[in-house]
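Structural overview for review
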Amino acid sequence: MNQTVSLKFQTMDDFLYSVGSTWLLDSFFLFVSVPTSLSGFIMNTISMIILMKKEYKVNLYKYLRFYTLLGLAINLVSIFLIVTTTRRYFAFNNTLAAFTYRAYFCMSAMNTGYFIGSLVEIFISFDRLSTLSNHFLIKLYKRLNPYLVCFFVCIFVLLINCSYYFVFMPVKRVALILNYYEGAANQSKIVELYTFTASDYSKTTLGRSMSYIQFAIRDIFTLIVDILVNIVTVRLLKKHLLKKSNLTRVSSSESTANRSVRIMSQDVSTLKTDFKSQQVELSKMEGSISEHDKSHQSRSVSVVAKKSTNAEQKITMMVLSMVSLSIYSHIMQIIFITYSYYNTNFYVSLIFAFSSYSITLKNAANFPLFYCFNNNFKKSFREMFGLNKK
């Protein structure tokens with residue numbers, strides 16, 4: 001049920017400021033947040049088309065398909081935040097319909113999608129970790145079906161987050177504007193606009209308890225796990241690279257020793273008779289040809305192995321970058337929730353703008369990360385748009 005709050009302000013600007021609207025914030029949502037959401041929606045759509053190809057069949061890409069689809073949905077919903085965050089540009093943003101949409105759909109849908117994505121990111125991180133570790137728990141993890149994991153994550157979040165749909169409600173604010181400028185006249189006028197506020201349910205013991213549980217799992221727990229998995233992955237990656245470097249160094253030293261032995265053998269053979277030396281020269285020519293073929297083959301194998309290793313390292317860096325953006329987003333949510341719990345001033349709206357944008361940015365960054373760190377994805381994208389053709 002809508003509540004009515006009666007107020008009195010000197011100017012209309014003061015009234016809008018009281019509900020968290022300034023030219024700077026409204027412009028930020030209109031000219032920064034919305035274009036980011038729109039471009040993220042388009043890029044996630046392209047990413048989804050590419051990841052649906054048959055060659056992307058390993059478990060990591062199954063998780064990324066779902067994660068990309070989720071990012072696409074979140075960016076689509078966040079585009080329509082413009083309905084309630086740009087009061088100074090569009091009059092519709094002050095209506096009951098706009099804030100009913102925000103209170104009962106937009107906020108809850110974005111929160112649920114963000115919650116699901118935060119948990120799925122943990123499984124994506126563990127998938128990368130499984131390529132660097134042979135721990136028995138990691139081996140058990142490899143047996144999980146990614147689609148089933150994502151399905152049960154959705155069920156879990158929908159069950160624990162269903163109460164979030166009753167946390168907010170729209171409220172009408174009626175104000176007497178003492179100096180309302182309309183044309184050339186300056187007169188008093190009663191103005192109505194809508195915003196949303198915490199519902200009665202959110203003030204009950206059950207409502208508060210569910211909010212604390214959601215906050216603890218969605219932001220605190222996932223933040224801690226993301227940081228720990230990132231640290232472990234970086235350490236294992238360094239060990240892996242060091243091991244590869246040592247193997248390359250040993251292989252190089254062995255080849256140097258073999259070359260030295262061959263040179264000594266050639267020096268000894270030159271001390272023989274002219275006739276024998278000619279035979280030796282002929283055999284050396286034949287041997288050098290076969291050695292050249294063998295060395296060429298070994299170099300080809302090493303180049304392929306090196307490219308494969310570099311590709312795996314880049315994919316690991318891609319996942320680490322995704323998790324780093326997630327960590328930033330969690331920190332922003334924690335700051336916003338903590339500050340808004342103790343304050344109700346204008347800065348709550350300011351922090352909300354940056355915290356909501358962190359979610360938008362995180363989900364819009366999927367395509368750039370895939371393109372920069374995944375050679376197969378980059379190749380598929382260029383082929384899709386004919387960019388490889390000269």
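Calculation criteria
Residues numbered from 1 in each chain as written. Predicted model: local features only at pLDDT ≥ 70, side-chain atom pairs only at ≥ 80, totals over all residues. Heavy atoms only, no water. Helix = DSSP H or I, 4+ residues; strand = E, 2+ residues; numbered from the N terminus. Buried < 20%, exposed > 50% of the residue type's maximum accessible area, 1.4 Å probe, protein only. Contact = heavy atoms within 4.5 Å. Arc of directions from axis to C-beta. 1 Å grid on protein atoms, 1.4 Å probe; cavity = no way out; pocket = protein on both sides within 12 Å on 5 of 7 lines; lining within 4 Å. Points joined across faces, edges and corners; volume = space filled by probe spheres on them. Nonpolar A, V, L, I, M, F, W, Y, C, P; charged D, E, K, R; others polar. Expected span 1.5 Å × (residues − 1). Bend = angle between axes of the 7 residues up to and from the residue. Core = buried A, V, L, I, M, F, W, Y, C linked by side-chain atoms within 4.5 Å. Salt bridge = Lys/Arg side-chain N within 4 Å of Asp/Glu carboxyl O.

Relative to the elements of secondary structure, G71 occurs in helix 3 (residues 59-79). A relative accessible area of 0% means that G71 is categorised as buried. In this structure the C-alpha to C-alpha distance between G71 and M43, which are 28 residues apart in sequence, comes to 10.0 Å. Each residue touching G71, except ones within four places of it in the same chain, is listed here: N44, N363 and N366.

This brings us to helix 11 (residues 366-373). Taken as a whole, helix 11 has its buried residues at N366, F367, L369 and F370. For helix 11, the arc enclosing every buried residue in end-on projection is 165°, short of the 170-degree limit, so these residues lie on one face.

The subject of this paragraph is empty space enclosed by the protein. Counting across every chain of the model gives one cavity of 30 Å³ or more. As a volume, the largest cavity reaches approximately 30 Å³. Every residue along the wall of the largest cavity is listed here: S125, R128, V229, N230, T233, T316, V319, L320 and V323. Within the residue set of the lining of the largest cavity, elements represented by two or more residues are helix 5 (96-130), helix 8 (205-269) and helix 9 (274-342). Looking at the lining of the largest cavity, the element that brings in the most residues is helix 9, giving four residues. Each residue belonging to the lining of the largest cavity can be placed in one class, and the counts come to four nonpolar, four polar and one charged.

On to helix 5, then. Taking 1.5 Å as the rise per residue, helix 5 with 35 residues should run 51 Å; its terminal C-alpha atoms sit 50 Å apart, in good agreement. Residue R102 marks the point of greatest curvature in helix 5, where the axis turns by about 45°. Of all 35 residues in helix 5, 26 are buried; the element is thus mostly enclosed.

With that out of the way, let us pick up the nonpolar core. Core analysis: the largest hydrophobic core is formed by 48 residues, its most contacted members being L64, I116, V120, I124, M318 and M322. Looking at this core, the elements that each hand over two or more residues are helix 2 (23-51), helix 3, helix 5, helix 7 (146-161), helix 8, helix 9, helix 11 and helix 12 (375-384).

What follows is about the pattern of salt bridges. In the structure shown here, the tally under the stated rule is four salt bridges. The partner of R128 in a salt bridge is E312, and the shortest N-O contact between them spans 3.1 Å. Of this pair, R128 sits in helix 5 while E312 is found in helix 9, placing the two residues 184 residues apart along the sequence. The exposure class assigned to R128 is buried, which follows from its relative accessible area of 6%.

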